[in-house]
Amino acid sequence: KQDPSLPIISLKPGDDDGDSSMKRGEERRSTRRCRFDELQPVFISAVRGFIKSKKPAELESKIRNCYETTYMKKGFFGVFIYHQYTGMVITPDWFFWGISDGEDIFAGCIKMKDIAKIPDYEKILMSNPIEMRGIDISGFHYNESQHGSWSLYTGNDKAGEDFRQELAEAVRKYSIQH
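All of the points below concern the structure found in this document. Once a new chain begins, its residue numbering starts again from 1 and follows that chain's sequence as written. Given that this is a predicted model, residues contribute local features only at a pLDDT of at least 70 and side-chain atom pairs are listed and counted only at 80 or more, while totals for whole chains, interfaces and linings are drawn from all residues. Only hydrogens and water are set aside; all other atoms, that is, all heavy atoms of the structure, feed into the side-chain values.

## Here's the deal with the overall build of the protein
Stage number 1. Helix numbers and strand numbers start at the N terminus; a helix is a DSSP run of H or I with at least 4 residues, a strand a run of E with at least 2. Across its full length, the protein carries four helices and eight strands.
Stage number 2. Here the protein holds 178 residues, and 43% of them are scored as buried.
Stage number 3. By the convention used here, residues are in contact when the closest approach between their heavy atoms is within 4.5 Å. Sequence-distant contacts in the protein: of pairs separated by 6 or more residues, those separated by 24 or more amount to 62%.
Stage number 4. Counting only carbon and sulfur atoms, one obtains 52% of the accessible surface of the protein, whose full area is about 9800 Å². With a 1.4 Å probe rolled over the protein chains alone, any residue whose accessible area is under 20% of its type maximum counts as buried; one over 50% counts as exposed, and the rest are partly exposed. Here the open area of atoms and residues is found with the Shrake-Rupley method and a 1.4 Å probe, where only the protein chains shown may cover a residue.

## A few points about unusual backbone geometry
Stage number 1. With omega at 10°, the peptide bond leading from Asn 128 into Pro 129 counts as cis.
Stage number 2. With respect to the secondary-structure elements, Pro 129 resides in the loop between helix H3 (121-126) and strand S7 (130-136).
Stage number 3. For Asp 120, which is not glycine, the phi dihedral falls at a positive 55°.
Stage number 4. Take Asp 120: it is sitting in the loop between helix H2 (112-116) and H3.
Stage number 5. With relative accessibility at 60%, the residue Asp 120 sits in the exposed group.

## Examining the pattern of salt bridges
Stage number 1. The working definition used for a salt bridge is a side-chain nitrogen of Lys or Arg within 4 Å of a carboxyl oxygen of Asp or Glu. Under the defined criterion, the tally for this structure stands at eleven salt bridges.
Stage number 2. The residue Arg 33 makes a salt bridge to Glu 166 at a minimum N-O spacing of 2.9 Å. Of this pair, Arg 33 sits in strand S2 (residues 27-34) while Glu 166 sits in helix H4 (residues 158-177); the two residues are 133 residues apart in sequence, bridging distant segments of the chain.
Stage number 3. You can call Arg 33 partly exposed: its relative accessible area is 49%.
Stage number 4. The shortest N-O distance in the salt bridge between Arg 35 and Glu 38 comes to 3.4 Å.
Stage number 5. Since its relative accessible area comes to 28%, Glu 38 is described here as partly exposed.
Stage number 6. Via salt bridges that share partners, Arg 32, Arg 35, Asp 37, Glu 38 and Glu 68 belong to a single interconnected network.

## A closer look at the packing of aromatic side chains
Stage number 1. Pairing of aromatic rings covers Phe, Tyr and Trp, the last counted by its six-membered ring, and requires centre-to-centre distances within 6.5 Å; plane angles under 30 degrees mean stacked, over 60 mean edge-to-face, and any other angle means tilted. Tallied over the full model, the rule gives seven aromatic pairs.
Stage number 2. Site record: aromatic cluster; members linked through ring pairs are Tyr 67, Phe 95, Trp 97, Trp 150 and Phe 163.

## Details of the pairing of strand S3 (residues 65-74)
Stage number 1. S3 sits mainly inside the fold: nine of its ten residues count as buried.
Stage number 2. The rule for pairing is simple: two strands pair if DSSP sees at least two bridges between them. In this structure, S2 lies alongside S3, joined through eight bridges in antiparallel fashion. When the bridges of S3 are listed, Arg 28 appears paired with Met 72.

Interpretation in functional terms is not warranted from these geometric data alone.
See the structure below:
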């Protein structure tokens, strides 16, 4: 179930969320730093399921930073606002992401050591979108045979830039320690 404060489709956008100022056909993407429990519940479940399948450890002790990008588009017919959420979680060993557009979620992850092996990884991590090849963890299943390509968009705002820098820094720290 989605966060009720940010509906996937709004028939009447509220004045408090900024959607009402959007023009028909307009698209917006914004990123915010948040706590893990503020991400979309279906993404939280996928990450918890993955971490529990790997090691019985406390999730909170592994989380470094969490971000969520919201994509909004106002339809041409009526006042529909479409929301899509991209959750991004950085841990010492893993980078998780999930793209949620309602009931479905597409979630994946990649090990920090695998990011560090990518030539010019800093350039890739500082771009927008970030192009990643990772393992599908949707539906609580860790499918090591699936290495899908993902385009992860962040907002062209301060929080989006901060996220890209934090991810690059996490990979650098991992590289130095190992």
